[in-house]
Amino acid sequence: MSTETMAKPAKANILQAINAAIADAMEADETVIALGEDLADPEEGGVCGVTKGLSSRFGEHRVRSTPISEQAIIGAAIGASLVGFKPVAEIMLMNFTTVAMDMIVNHAAKLRFMSGGQTHVPIVIRTMTGTGFASGGQHCDYLEAWFAHTAGIKVVAPSSPKDAYGLMRSAIDDPDPVLFIENLPTYWTPAEAPEKDYRVPIGKANVLCEGSDVTIIAYARMIQEATPAVAQLAEAGISAELIDLRSIAPWDRETVLASVGKTGRAMIVHEAVTPFGAGAEIAAVLNEELFGRLKAPVRRLGGAFCPVPFSKPLETAFAPQTADIVGAAKALMAR
Amino acid sequence: MSTETMAKPAKANILQAINAAIADAMEADETVIALGEDLADPEEGGVCGVTKGLSSRFGEHRVRSTPISEQAIIGAAIGASLVGFKPVAEIMLMNFTTVAMDMIVNHAAKLRFMSGGQTHVPIVIRTMTGTGFASGGQHCDYLEAWFAHTAGIKVVAPSSPKDAYGLMRSAIDDPDPVLFIENLPTYWTPAEAPEKDYRVPIGKANVLCEGSDVTIIAYARMIQEATPAVAQLAEAGISAELIDLRSIAPWDRETVLASVGKTGRAMIVHEAVTPFGAGAEIAAVLNEELFGRLKAPVRRLGGAFCPVPFSKPLETAFAPQTADIVGAAKALMAR
Amino acid sequence: MSNRAQPDAATQVEIYRRMALIKANDERSRKVIMNGRLVMPYYSPRGQEVIPSATFVNLNDDDYLCTIYRGTHDMLAKGFPLKDMWAEVAGRTTGTCKGKGGPMHLTYPGKGVMVTTGIVGSSMPIANGIAWGSQLRGDGRVTVATFGDGASNIGAFHESLNLAAVWKLPVIFLCQNNEWGEHTAYDKTSNVRVADRAAAYGMPGERVDGNDPFAMYAAAHEAVRRARAGEGPTLIEAMTYRFHGHVFGDQDAYMDKARKAEAVANDPVPRFRARLIAEGTATEEQLAAMEAEIEAQIDEAVEFALNSPFPGVEELKRDVFAEELA
Amino acid sequence: MSNRAQPDAATQVEIYRRMALIKANDERSRKVIMNGRLVMPYYSPRGQEVIPSATFVNLNDDDYLCTIYRGTHDMLAKGFPLKDMWAEVAGRTTGTCKGKGGPMHLTYPGKGVMVTTGIVGSSMPIANGIAWGSQLRGDGRVTVATFGDGASNIGAFHESLNLAAVWKLPVIFLCQNNEWGEHTAYDKTSNVRVADRAAAYGMPGERVDGNDPFAMYAAAHEAVRRARAGEGPTLIEAMTYRFHGHVFGDQDAYMDKARKAEAVANDPVPRFRARLIAEGTATEEQLAAMEAEIEAQIDEAVEFALNSPFPGVEELKRDVFAEELA
Ligand SMILES: Cc1ncc(C[n+]2csc(CCOP(=O)(O)OP(=O)(O)O)c2C)c(N)n1
Ligand SMILES: Cc1ncc(C[n+]2csc(CCOP(=O)(O)OP(=O)(O)O)c2C)c(N)n1
Ligand SMILES: [Mg+2]
Ligand SMILES: [Mg+2]
């Protein structure tokens, strides 16, 4: 190994990490197949190129572009999974899960239970979302709470290339359906590259930085807002612990409870609208499990309760920002 | 008025109350129209007869049976509402909203905001659900949390004929979309009949019985389980306050907070699965607003975290029962 | 259509056996429910016996089926064992799904019964995926998706037929047009024949008399041949009639009395029985013995089911995921 | 087709005016984005100018339109005012939606632009409802739903065309077949012509050269006549070509170079311009003046937009419901 590569650890972005994870899984296991709109190389390997190169390498029989037919896409994935394949299906944007909810919720999530375990649905549903690209009301929703409220499907949302790779490999390994949420604005940020065959267990959170005063629980792009918040809080003498949830369903109660048990203060940050969001479940559990031991009420910071607005200043104000997190943490400390 | 009718106040069941509410609204306002599968009288006025008589009285142009096409049903309702009609659309069972989620979530709920208030969608979406009829995994889900998590749509779930009538009239009056959740097993229970033109405001809970030790917050069929629980608790010397939420989005924070502020103990009961359910939001708010003033952690009682099972003993065990409520209340008192 | 495939004598008798099984099982089901020994939503397939019987004699055990709530006829014709079925609809641990699925979600992979769905239209997208699997493996298997006339108006029908056609999947879309979707007549929900929609996907489509075992056999035979040969999907619209209301308990007041009487008078089961005997394909004694054997098997299955234990509540935590919930 | 409706001279010039407006507006949009003066997802309608221009001259202001993200051509042809549009895509309070909707959700009920949607296929179910309203009122209005070739494969297409046919709604399904759905060629997603799917609903369907103003006018004229006469819906597949990538920034490497060059060489806007002059329907001076006027209007609209204020965050609480949120 040259000193050059030793000096600079390999970098990758999330897009490349997901691509590598699917490629490595396809190489290791010929039952791994992929489908979705524009997915194959004649169609440029997806609108953002996440699946670029896969069809050239593994063949268009295994990596298929589809018509615009989300019910048919998820149905095909479910069916193939019932007979031994491990399909990775793409629903281009999370809002388009709305045209495939029957397949996802009534079938993918339920067939194992309804068949008494005779069949199961080891599929991964990749989907992408997030504000920041001025896409307006129908292209940016975070809908993870819907799926977390559905028994029989797991939900993950990585925030780094390593986690994206490791969670994708675990999702493909998993014997049950996993919704894998990608975030558009963070696709291209380079960071430490994942090692081949690395795994991140589903249901395991990541303590990104330790602290003693307040626990910040976040995931997906909100990690990018929370990270500078932690630094700013440190400057203000507040020691924040930052937890990247990574898996929303199941979520890592153990890690989160241990942290909040220690700090006594908690804040949950997500881009989804606050009411009835994933933060409510976490807050409810924290209050239940740590009753009488919290120093301040659990704070929830989420998207404004409205459709995602187009106009830039409104779009920016819609989702929690670093300053909001800092402000909320200070308010928690003041209680 | 004869002594006989004075002695016995008129009775009606929920099915009749909804029928009367739609009929009265159609009579009062010719822009009220209705559509759905099997809805008109040649098709028996709906599978349970909720809309029986309406097409005969108001014409099949205003009360239309449709093909099995839920996207087309909600789309037609939205379109008609954009040009001044007030459609009452039926999605036969709540699980079938999964094939119409795009129309409901991306369009009905968002068009007012995305058009900057130029258009709006005054539709009512009636749907029915609930365990108890051995219908299994795809016909009984309570999915209210999904819609409560969606900005731009209101959600109501009546438990009595009066509330069913009053909420249906308010839903039809409302300038925005309202999801109206009916419960199959409680359709035929007779109770006090609603008066003509009666209204129940959306967003207003109903304190069914006052108490001082613990607040039970429930809705839909869970009121039938909670009512005997209150009596049993009274026998055990526990004074329970029972709140019928009636509206889930928006929910009546004022009434609920006042009650729990008084009792110091709260339990939320719903048939939807517990994790990420509507109870999480209520628990989170109670903990936030009444921090340090609760005598026990807020308790959530919901459906088991699995698809609704078919087998009778499992189906019965799936949703909270009177004994569960009594047990949970006693446990809360024991803290 | 003169040189279309014809079932040989043994196959004709086998078709009849499946029809008789379906009819007997339906009659028993309604009786058991009527007597209060079982509580379940029951969607009678009575009148539609020919369709799966004459179709599935063209299939192997390892060919696949995706069916719907009104599907016991499909399943029995595909070889679903009676005991496993009865124990399931009785909600017992011995049921094929341990009692957790029930009548709308019967599953038996051993005979290729992969999915039974209660959501209109949903058998089709999943069938495509199974067929995609066969295409990838080159295992020569065929997948049949059955569905009703009403289901032909829902979006999933369109997406599925299009994808199957474009991908040339080895799948057969078998529409059982019984003239009704719940309480609504097919004519009120579409201006065209279901089969005529095949052209919208560049797929062969055929309307066939679904109560005629010969016509049904021939249509299915050709569709199976095409699928196995890699020639892609076929849409079959099998015309039939629903003898009962939509679900057990539905008094069917909305159904035209004369039309119903006519259909019942043409009951395909006794009609085919008489033909087999008239043409010397089988004897009265042979068929009577077969029917008696079927009754005995049903007796046994019902008793087995009703004497089996119910599942315990720990089952609520199992089969949600591979790992049991805490 | 010989005795089909023909646009008179004034109508031809009006069609050209709308085409020129769409082309100029597209060129300006791309320039303004390229210069970084505006940030928005932009779906160029360049190459598709004829379709709405020749169609909507058959409509009145109070006829309705449901269009899609690639819809500025539809909207401008329907009369959407430039200032309201530009201020909206610039996200300003003076925008038609106060800046809250943006380019994918432009709405202007005053000219019948009721819905612009970003979800493939969703213009159609809603258009049906608007048309149902017209049918109930008997107001004689027509609703047009536009959508792409790719959208013809999604479930909502099927459900909508079927319902419209069964209910005989006064609606026109105007498919703009530009050969591409994002990066995927139409031929890879369907075995048939879109227009041929009309037969699956018992509805007239026609494939027309969507770059020929005369053919397009005639097809639209007949569809509008049918709708107004209560004869029900029509499906039109207007053949055209997308001159640019799917969205601004897409380098369109997947598009066949020769095919694209051919389409661009046949640019319908200069072609029609030349014809109008050659046939003496308009003079060079007249059209040049019209084009200059259009440029001036766009100048004014862009300046108006970019000088308008952004909305304040209080707008997040408004228009979620009728009553402002707390
Ligand atoms: C998406 C969806 N919508 C509505 C229903 C309710 N439903 C159950 S069966 C049925 C009628 C279906 O008719 P058809 O497809 O002809 O099948 P058949 O029952 O006649 O066999 C309806 C509307 C459903 N199960 N799923
Ligand atoms: C339900 C849904 N699936 C996928 C998309 C992503 N998407 C946006 S435009 C588009 C292509 C549509 O092609 P076409 O209908 O031909 O319209 P065109 O863009 O060519 O005008 C796709 C797949 C979407 N917006 N909605
Ligand atoms: Mg039918
Ligand atoms: Mg296109």
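Source: prediction; values computed, not measured. (Residues numbered from 1 in each chain as written. Chains lettered and ligands numbered in written order. Predicted model: local features only at pLDDT ≥ 70, side-chain atom pairs only at ≥ 80, totals over all residues. Heavy atoms only, no water.)

1. A word on the overall build of chain A
Stated precisely, the cut-off is as follows: Where helices and strands are cited, they refer to DSSP runs of H or I of at least four residues and of E of at least two residues respectively, numbered from the N terminus. The size measure is the radius of gyration over C-alpha atoms, and the globule rule it meets is 2.2 Å times the number of residues to the 0.38 power. Under the scheme applied here, a residue whose accessible area is under 20% of the maximum for its type counts as buried, over 50% as exposed, and between as partly exposed, the area being computed with a 1.4 Å probe on protein chains only. Residue contacts follow a heavy-atom distance rule, with two residues in contact if any of their heavy atoms lie within 4.5 Å. Positive charges are assigned to Lys and Arg, negative charges to Asp and Glu, while His and the chain termini are left out of the count. Charge positions are represented by NZ for Lys, CZ for Arg, CG for Asp and CD for Glu.
In terms of helices and strands, chain A carries 13 helices and 14 strands. Over its C-alpha trace chain A gives a radius of gyration of 20 Å, about what one expects of a compact globule, namely 20 Å for 335 residues. Overall size of chain A, expressed as C-alpha extent along the three principal axes, is 60 × 55 × 40 Å. Looking at chain A as a whole, 72% of its 335 residues are labelled buried. Excluding contacts between residues fewer than 6 apart, the proportion of contacts in chain A whose partners are at least 24 apart in sequence is 82%. A gap of 5 Å separates the mean positions of the 28 positive and 38 negative side-chain charges of chain A.

2. Considerations on the UniProt feature "domain: Transketolase-like pyrimidine-binding" (unreviewed entry) in chain A
Stated precisely, the cut-off is as follows: UniProt positions are given in the numbering used here, feature names are shortened, and annotations may be inferred rather than shown by experiment.
Mapped onto this numbering, the UniProt entry annotates "domain: Transketolase-like pyrimidine-binding" (unreviewed entry) at residues 12-189 of chain A. As annotated, residues 12-189 of chain A comprises 35% helix and 18% strand, and the C-alpha atoms at either end are separated by 8 Å.

3. Quick notes on the UniProt feature "coiled-coil region" (unreviewed entry) in chain C
According to UniProt, the feature "coiled-coil region" (unreviewed entry) maps to residues 273-300 of chain C in the numbering used here. Secondary structure over residues 273-300 of chain C splits into 82% helix and 0% strand, and the C-alpha atoms at its two ends are 25 Å apart.

4. Focus on the interface of chain A and chain B
Quick reminder of the rule: By definition here, a salt bridge exists when the distance from a side-chain nitrogen of Lys or Arg to a carboxyl oxygen of Asp or Glu is within 4 Å. Asp, Glu, Lys and Arg are counted as charged, while Ala, Val, Leu, Ile, Met, Phe, Trp, Tyr, Cys and Pro are counted as nonpolar; the rest, among them Gly, fall into the polar class.
Taken together, the contacts link 51 residues of chain A with 51 residues of chain B. The residue B:Lys110 makes a salt bridge to A:Asp141 at a minimum N-O spacing of 2.4 Å. Mapped onto the side of chain A that touches chain B, the elements with two or more residues apiece are α5 (101-108), α6 (111-114), α7 (144-148), β13 (266-273) and α11 (278-289) of chain A. It is α11(A) that contributes the most residues to the side of chain A that touches chain B, eight residues altogether. Its residues assigned to classes, the side of chain A that touches chain B comprises 31 nonpolar, 12 polar and eight charged.

5. A word on the coordination of the magnesium ion (ligand 4)
Residue and element names in this part refer to chain D. For clarity, the cut-off: Note that water is not among the atoms used; donors are N, O and S atoms within 2.8 Å of the metal (3.2 Å for Na, K and Ca), so sites may look incomplete.
Donor atoms from the polypeptide that coordinate the magnesium ion (ligand 4) comprise Asp149 (OD), Asn178 (OD1) and Trp180 (O), at 2.0 to 2.1 Å from the metal. For the magnesium ion (ligand 4), all donor residues lie on one chain, and their spacing in sequence is D-x28-N-x1-W. Here Asp149, found in the loop between β3 (143-148) and α6 (155-167), pairs with Asn178, found in the loop between β4 (171-177) and β5 (180-181); they are 29 residues apart in sequence, far enough to count as distant. When sorted by exposure, Asp149 lands in the same class as Asn178, which is buried.

6. As for the sheet that holds strand β6 (residues 154-156) of chain B
What links the strands of a sheet is backbone hydrogen bonding, and the strands pair in either a parallel or an antiparallel sense. Residues and elements named next belong to chain B. As a reminder of what qualifies: When DSSP finds at least two bridges between two strands, those strands are taken to pair. Here the axes come from fitting lines to C-alpha atoms, over the contacting stretch only for helices, and the angles between their N-to-C directions go from 0 to 180 degrees.
As summarised here, the arrangement of the seven strands in space is β3-β2-β4-β5-β7-β6-β12, forming an open sheet in which the pairing is mixed. Of all the strands in the sheet, just β3 (63-65) and β12 (247-249) have a single pairing partner and so form its edges. Each strand of the sheet is rotated relative to its neighbour by a mean of 20°, with strand direction disregarded. Sheet topology note: the strand β5 (residues 124-129)/strand β7 (residues 178-183) ladder contains six bridges and is parallel.

7. Here we look at the interface of chain A and chain D
Formally: In this description, buried area is defined as the sum, over both parts, of the accessible area (probe of 1.4 Å) that is lost when the two are combined. Nitrogen and oxygen atoms within 3.5 Å of one another constitute a polar contact, given that in protein one can donate a hydrogen and the other can accept it, and given that sequence-neighbouring residues count only through two side-chain atoms.
At the junction of the two partners, chain A supplies 29 residues and chain D supplies 39 residues. For the pair chain A and chain D, the summed buried area comes to about 2600 Å², and 65% of that belongs to carbon and sulfur atoms. Area buried by chain A at its contact with chain D is led by A:Ile68, A:Phe310 and A:Leu314, which between them contribute 25% of it. Applying the counting criterion to the chain A and chain D interface returns two salt bridges. Its salt-bridge partner being A:Glu60, residue D:Lys188 comes within 3.2 Å of it at the nearest N-O pair. Across the contact surface, chain A and chain D share 11 residue pairs in polar contact (both at pLDDT 80 or more). With four residues, helix α12 (residues 312-318) of chain A is the single largest residue contributor to the side of chain A that touches chain D. Of the residues that constitute the side of chain A that touches chain D, the class distribution is 17 nonpolar, seven polar and five charged.

8. Things to note about the site of ligand 1
What counts, and what does not: The cutoff for a nearby residue is simple: one of its non-hydrogen atoms must lie within 4 Å of the molecule or strand. For the accessible areas, the method is Shrake-Rupley and the probe is 1.4 Å, while residue cover comes only from the protein chains on display.
Taken together, 20 residues lie near ligand 1, and B:Glu70, C:Tyr69, C:Arg70, C:Gly150 and C:Trp180 sit nearest. Residues lining ligand 1 come from chains B and C. Here a nitrogen atom of ligand 1 sits 2.5 Å away from a polar atom, N or O, in the side chain of B:Glu70. C:Glu182 places a polar side-chain atom, nitrogen or oxygen, 3.1 Å from a nitrogen atom of ligand 1. Taking 580 Å² as the accessible area of ligand 1 by itself, protein coverage stands at 97%. For the shell around ligand 1, the per-class residue count stands at nine nonpolar, six polar and five charged.

9. Some details on the environment of B:Gln118
Assignment of secondary structure puts B:Gln118 in the loop between α6 (111-114) and β5. Separated by 40 residues in the primary sequence, B:Gln118 and B:Ile78 have C-alpha atoms spaced 14 Å apart. The contact partners of B:Gln118, leaving out residues within four places of it in the chain, are D:Thr96, D:Cys97, D:Thr107, D:Tyr108 and D:Pro109. A distance of 2.8 Å separates a polar atom in the side chain of B:Gln118 from the backbone oxygen of D:Thr96.

10. Description of the pattern of salt bridges
Enumeration over the complete set of coordinates arrives at 108 salt bridges over all chains. A:Glu281 is the salt-bridge partner of B:Arg300, the closest N and O atoms lying 2.7 Å from each other. Placement of B:Arg300 in strand β14 (residues 299-303) and of A:Glu281 in helix α11 is noted, with the two residues assigned to different chains. By the burial criterion, B:Arg300 is buried, and A:Glu281 matches it. The salt bridge involving C:Glu279 is made with C:Arg275; its shortest N-O contact spans 3.0 Å. Its relative accessible area of 34% is what places C:Arg275 among the partly exposed residues. Through salt bridges with shared partners, one network takes in C:Lys98, C:Lys100, C:Glu315, C:Arg318, C:Asp319 and C:Glu324.

11. Notes on unusual backbone geometry
Residue A:Pro250 follows A:Ala249 across a cis peptide bond; omega there is -5°. Tracing the backbone through its elements, the reader meets A:Pro250 in the loop between β12 (247-249) and α10 (253-263). In the Ramachandran plot, A:Asp197 falls in the positive-phi region, its phi being about 70° despite a non-glycine side chain. Considering the arrangement of structural elements, one finds A:Asp197 in the loop between β8 (191-192) and β9 (206-209). The residue D:Lys168 is not glycine, and still its phi comes out positive at about 50°. Classification of D:Lys168 by relative accessible area gives partly exposed; the value is 47%.

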